[in-house]
Amino acid sequence: MQEDRAALEHEDRIVWSESVERFDYVRQSVSRSVSTRGEPVPWRGAGRRVGYAVLRNDAPGGMVPGKFIRRVFWVKEHDRSEVPGGIYKTSAPSGAIDPRTVAPGVWGELTERAWGAPFPMQD
């Protein structure tokens, strides 16, 4: 997922509904139609939401009136946190980031911890 600066611009804090210590990686997405700045971001996708960004009180709406752009962090049922020896034992899915690299206004990064092994050598 490419960085979306609009999603970061007005962030005040990150709320984790589960301890980030439990996760080597989480998936990071941007929701463009959230109706609040601070309530939990509704999650209707696969897996479960484990965190979300809260916007400053003065954050403007997005392209649609009354809707806000916010980040949400989530995991799927087959991610490493759920199935340690599964398909992501020594890799990570697209959009995965190390939750320890997340902060308000800071896009999360894929680290070797999140990858589950040293990064493959690139030529």
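All values derive from a computational prediction rather than experimental measurement. (Residues numbered from 1 in each chain as written. Predicted model: local features only at pLDDT ≥ 70, side-chain atom pairs only at ≥ 80, totals over all residues. Heavy atoms only, no water.)

Colleague: Just to check I follow, could you spell out the packing of aromatic side chains for this structure?
Modeller: Two numbers describe a pair of aromatic rings. These are the distance of the centres and the angle of the planes. Applying the stated criterion to the full structure yields four aromatic pairs. When the ring of Trp-16 is compared with that of Phe-73, the centres are 5.0 Å apart and the planes differ by 40 degrees; the resulting orientation is tilted. Placement of Trp-16 in strand E1 (residues 11–16) and of Phe-73 in strand E4 (residues 68–75) is noted, with a sequence separation of 57 residues between them. Consider the rings of Trp-43 and Trp-74, whose centres lie 4.9 Å apart with planes at 35 degrees: the pair is tilted. Taken together, the positions of Trp-43 in the loop between strand E2 (26–34) and strand E3 (48–55) and Trp-74 in strand E4 put the pair 31 residues apart, joining distant regions of the chain. Residue classification places Trp-43 among the partly exposed positions, given a relative accessible area of 25%. (Phe/Tyr/Trp six-rings, centres within 6.5 Å; stacked < 30°, edge-to-face > 60°. Helix = DSSP H or I, 4+ residues; strand = E, 2+ residues; numbered from the N terminus. Buried < 20%, exposed > 50% of the residue type's maximum accessible area, 1.4 Å probe, protein only.)

Colleague: Even after reading the chapter, I still don't get the side chain of His-10, so can you show me in this structure?
Modeller: Following the sequence through the fold, His-10 ends up in the loop between helix H1 (5–8) and E1. Those residues in contact with His-10, other than ones at most four positions away along the chain, are Val-54, Leu-55, Arg-56, Ala-59 and Pro-60. (Contact = heavy atoms within 4.5 Å.)

Colleague: Can you help me understand the pattern of salt bridges in this one?
Modeller: Oppositely charged side chains can form a pair if their charged atoms are brought close together. Summed over the entire model, instances satisfying the criterion amount to 11 salt bridges. In this structure, Arg-80 engages Asp-24 in a salt bridge whose closest nitrogen and oxygen atoms are separated by 3.1 Å. Of this pair, Arg-80 sits in the loop between E4 and strand E5 (96–97) while Asp-24 sits in the loop between E1 and E2, and the two are 56 residues apart along the sequence. Exposure remark for Arg-80: the relative accessible area of 9% places this residue in the buried category. A residue is classified by how much of its surface remains accessible, and Asp-24, at 27% relative accessible area, is partly exposed. (Salt bridge = Lys/Arg side-chain N within 4 Å of Asp/Glu carboxyl O.)

Colleague: Sorry if this is basic, but what is going on with the sheet that holds E4 here?
Modeller: Picture the strands of a sheet paired through backbone hydrogen bonds; they go either parallel or antiparallel. Across the sheet, five strands lie side by side as E1-E3-E4-E2-E5; this open sheet has antiparallel pairing. Edge positions in the sheet fall to E1 and E5, since each has one partner strand and no second. Looking at chain direction, E2 and E5 are connected through two bridges and run antiparallel. Pairing of Val-26 across the sheet is with Ile-97, part of E5. (Pairing = 2+ DSSP bridges.)

Colleague: Can you help me understand the confidence of the model for the protein in this one?
Modeller: Interpretation of this model should avoid reading the predicted coordinates in detail wherever pLDDT is low. Confidence in the prediction for the protein averages 91 pLDDT; 95% of positions are at 70 or higher. Ranking the elements of the protein by mean pLDDT puts H1 last, at 78, and E1 first, at 97. (pLDDT = per-residue confidence, 0-100.)

Colleague: Any chance you could explain the side chain of Arg-80 here in plain terms?
Modeller: Looking at Arg-80, its side chain comes within polar contact range of the main-chain oxygen of Arg-113, at 3.4 Å. When neighbours within four sequence positions are excluded, Arg-80 is seen to be in contact with Asp-24, Tyr-25, Tyr-88, Lys-89, Ser-91, Arg-113, Ala-114, Trp-115 and Gly-116. (Polar contact = N/O pair within 3.5 Å; in protein donor to acceptor, adjacent residues only side chain to side chain.)

Colleague: Sorry, what's going on with the nonpolar core here?
Modeller: Ile-14, Phe-23, Val-26, Val-50, Ala-53, Phe-73, Val-75, Ile-97 and Val-102 together form the largest nonpolar core, which totals nine residues. Breaking this core down by element, the ones donating at least two residues are E3 and E4. Val-34, Tyr-52, Val-54 and Val-72 belong to the second-largest nonpolar core, a separate cluster that totals seven residues. (Core = buried A, V, L, I, M, F, W, Y, C linked by side-chain atoms within 4.5 Å.)

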